[in-house]
Amino acid sequence: MSGVALALEVVVVFFLALFLLHRYGDFRKQHRMVLFATLLAWFLCFLIVFILPLDVSTVRPPACVETRVKGVVPLLSSSQSLVPKICQKPWSYIPDGILPVFWRVVYWTSQFLTWLLIPFMQSYARSGGFSISGKIKTALIENAIYYGTYLLIFCSLLIYVAVTPKLHLSWSGLRTIGITAANTWGLFLLVLLLGYGLVEIPRTYWRASCHGQLLAKTYFKAAKLMTEKADAEENLEDVMEDVRTVNETIKYNHPLRKCIDTILKKCSVEYQEKMGRNMDDYEDFDDKGNPYPSKKSLVKLHKQVIYAVQRHNRTQVQWQILLDKAFHLEDVAKNESSSTHKFVHSFPSAEPPGWISKYLYTPTVEWYWECVFRRWCYRVLAVVLCVFSAAVVWSECTFFSTQPVLSLFAVFIQLAERDYNYVYIEMACFVTIFFLCYCVYSTVFRIRVFNYYYLAPHHQTDAYSLQFSGMLFCRLTPPLCLNFLGVIHMDSTISHQTRQPTAYTSIMGSMQVLSFIANGFYIYYPMLIVLLCIATYFSLGTRCLNLLGFQQFVGENDLTSDLVDEGRELIRRGTTDTGPSFKLSSVLYRSDKAELLQDVEPLDFTGEEPLETDNRRSVLLYL
């Protein structure tokens, strides 16, 4: 049974990682090595989360049921009689020796990915080189400083151990120093992301139950997305103009013509056809006397084309999705006062309804779900998540106390241990670590750094962002698991209890090699999560960005109200342009988009506000 449980979790985790990669990545266009590295990183991190509860239940002492053997006469008194015991193992018990090997393979593979392979693959995928050797050279140069920085940190810790008389260098000690350095960096980032997620996730579900506020925020996003969309259009036009210039300069007999053909393949079909019509197949010289570009400039142009085309496609898809969401929220607002209790769509689908719409999800059922039950389900879920968040904050601040036990999750686990309830132990561990991972990982999916790192659904995430997320997951998961084991008092280094360690903590070595980290940073730094939760609750970061000129959605703000009104007007014009058939093909959408941009331009760009301000809006940090 244990092998079945382990194999089942491996299969479930693999398909979960594959589903997320399919949602955010593009299997048809992106490089196979990029997809493989990202899938492997996500798979290993999710696998650690799913298997760790089994590890926790495995180290528990087996349940022993006291029974008397029939026909056996005790030789001692009744109070001292020897009673045979039948020991029962957990239903998911994994034999000794399997988990240590499993954790070593998973941990060191993830570390190899996050510190060596993925950074190299990021530079390789982002490079504008035209050959494999050129991309490899660029990636090595870009990562030289990156690798040197971490080598300097490791050497600093090594010197500290060498000059400390009480510490002795050994291979296990060096390995522990490396693991400690990686986990310390990960814990530093983990607390920041966890503090944000513990507050923002329950608040997001609560706000989702308020249709009016959710619709206003959608209008606000529409105004900002239109600014980014217009900027992406302008950037693409500028880059395509550069491509057209070099395309006309370098003719078919030039040695760099292969580079131009490679660049043209990255352009959209529309631009390829336009440039092909402007070329004369019989012209093999430059009669305008333009200087030939260098290969270095073509590499830079190739990189710009990849970024501009990807950003342009992403904003187009996001704009269509945002329009769809706004139309749906407006329909909900209109149907809330319906006396017939039947949901009516403003733009009915042209496709014939399926059997689900006919028999299960009828207009009446849809009305009750959208207008009544959905908001209450979100509110109940928000309250439950608030309780979990409060329990996490309390446990993070008190998990170092073992007498008395103040950590709520440690109390729950110890109560189950007394009754040898292994199913309850595994379920409690899984729910706890799953909630922690959800708070952290969802923040990674929501964060946006200067339009440089951005996870966009519907296959619109670029290769660099995919790999960056995999790198973050690999760095955050080990310290998150150690923090979880400390919260439930299963890490003897932090709880200072003498008990059998889990197989996962055994591969980490003793953190006492660096006592100031084990007894100081690992215990007291997570307490900062209280300050981060308070700052997130009062939206201090959002308010600071808004004061600096980076428009954020803040209630009762003149600028926010103006952007909401602007977004409402954009959605109204989008309704007029798209009509009932909203989901257009890319060709029809381009024709409507030109008219929409022409109408909207006076709203976004005026003589009083320079263009640099709008560009600055599109490169801020979104949380």
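About the thresholds
Residues numbered from 1 in each chain as written. Predicted model: local features only at pLDDT ≥ 70, side-chain atom pairs only at ≥ 80, totals over all residues. Heavy atoms only, no water. UniProt positions renumbered as here; feature names shortened; annotations may be inferred. Patch = residues over 30% accessible without salt bridge, like charges linked within 9 Å, V, L, I, M, F, W, Y side chains within 5 Å. Areas by Shrake-Rupley, 256 points an atom, 1.4 Å probe, with all protein chains shown as cover. Salt bridge = Lys/Arg side-chain N within 4 Å of Asp/Glu carboxyl O. Lys, Arg positive; Asp, Glu negative; His and termini not counted. Charge placed at Lys NZ, Arg CZ, Asp CG, Glu CD. Helix = DSSP H or I, 4+ residues; strand = E, 2+ residues; numbered from the N terminus. Buried < 20%, exposed > 50% of the residue type's maximum accessible area, 1.4 Å probe, protein only. Phe/Tyr/Trp six-rings, centres within 6.5 Å; stacked < 30°, edge-to-face > 60°. Lys NZ or Arg CZ within 6 Å of the ring centre and 35° of its normal. Axes fitted to C-alpha atoms, helices over the stretch in contact; angles between N-to-C directions. Parallel < 35°, antiparallel > 145°, perpendicular 65-115°, else oblique. Left-handed = near helix turned anticlockwise from the far one by under 90°. Contact = heavy atoms within 4.5 Å. Nonpolar A, V, L, I, M, F, W, Y, C, P; charged D, E, K, R; others polar.

If you check an unreviewed UniProt entry, the protein appears there as LMBR1 domain-containing protein 2-B-like from Sinocyclocheilus rhinocerous. Recorded in UniProt for the protein, the comment headed Subcellular location (unreviewed entry) runs: "Membrane". Its UniProt record, at the heading Sequence similarities (unreviewed entry), says of the protein: "Belongs to the LIMR family."

Enquirer: Would you mind going over a negative patch on the surface with me for this structure?
Expert: A surface patch of negative charge is lined by Glu234, Glu237, Asp238 and Asp242. Within the secondary structure, glutamate 237 sits in helix α6 (residues 211-249). Looking at glutamate 237, the relative accessible area reads 42%, which means it is partly exposed.

Enquirer: For this particular structure, what's the right way to read the pattern of salt bridges?
Expert: Here the idea is simple: oppositely charged side chains can pair when their charged atoms come close. If you walk through the whole model with that rule in mind, you get 13 salt bridges. For glutamate 241, the salt bridge is made with arginine 244, and the minimal N-O distance between the two is 2.3 Å. Pair noted here: glutamate 241 and arginine 244 are both in helix α6, with a separation of 3 residues, about one helical turn. Overall, the relative accessible area of 27% leaves arginine 244 in the partly exposed class. Connected through shared salt-bridge partners, Glu200, Arg203 and Arg446 make up one network.

Enquirer: What's the story with the packing of aromatic side chains in this structure? I'm lost.
Expert: For any pair of aromatic rings, the description rests on two quantities: the centre-to-centre distance and the angle between the ring planes. Tallying each qualifying case throughout the model produces 23 aromatic pairs. When the centroid spacing of 6.4 Å and the interplanar angle of 25° are considered together, the rings of phenylalanine 120 and tyrosine 124 count as stacked. Within this pair, phenylalanine 120 and its partner tyrosine 124 are both found in helix α3 (residues 98-126), separated by 4 residues, close to a single helical turn. Seen from the ring of tyrosine 124, lysine 135 lies directly overhead, with NZ or CZ sitting 5.5 Å from the centre. Against the face of tryptophan 185 rests arginine 475, its NZ or CZ located 5.2 Å from the ring centre.

Enquirer: Would you explain the packing of helix α13 (residues 422-446) against helix α14 (residues 463-487) in this entry?
Expert: Helix-helix packing is described using two parameters, namely the angle between the two axes and the distance between the axes. For the pair α13 and α14, interaxial distance at closest approach is 11 Å and the crossing angle is 150°. When the axis of α13 is compared with that of α14, the two are roughly antiparallel. When the axes of α13 and α14 are compared, the crossing they make is right-handed. Across the interface between the two elements, Cys429, Thr432, Ile433, Leu436, Cys437, Val440, Tyr441, Val444 and Phe445 from α13 touch Ser469, Leu472, Phe473, Leu476, Thr477, Leu480, Cys481 and Phe484 from α14. Of the residues in the contact of α13 with α14, the class split is 14 nonpolar, 3 polar and no charged.

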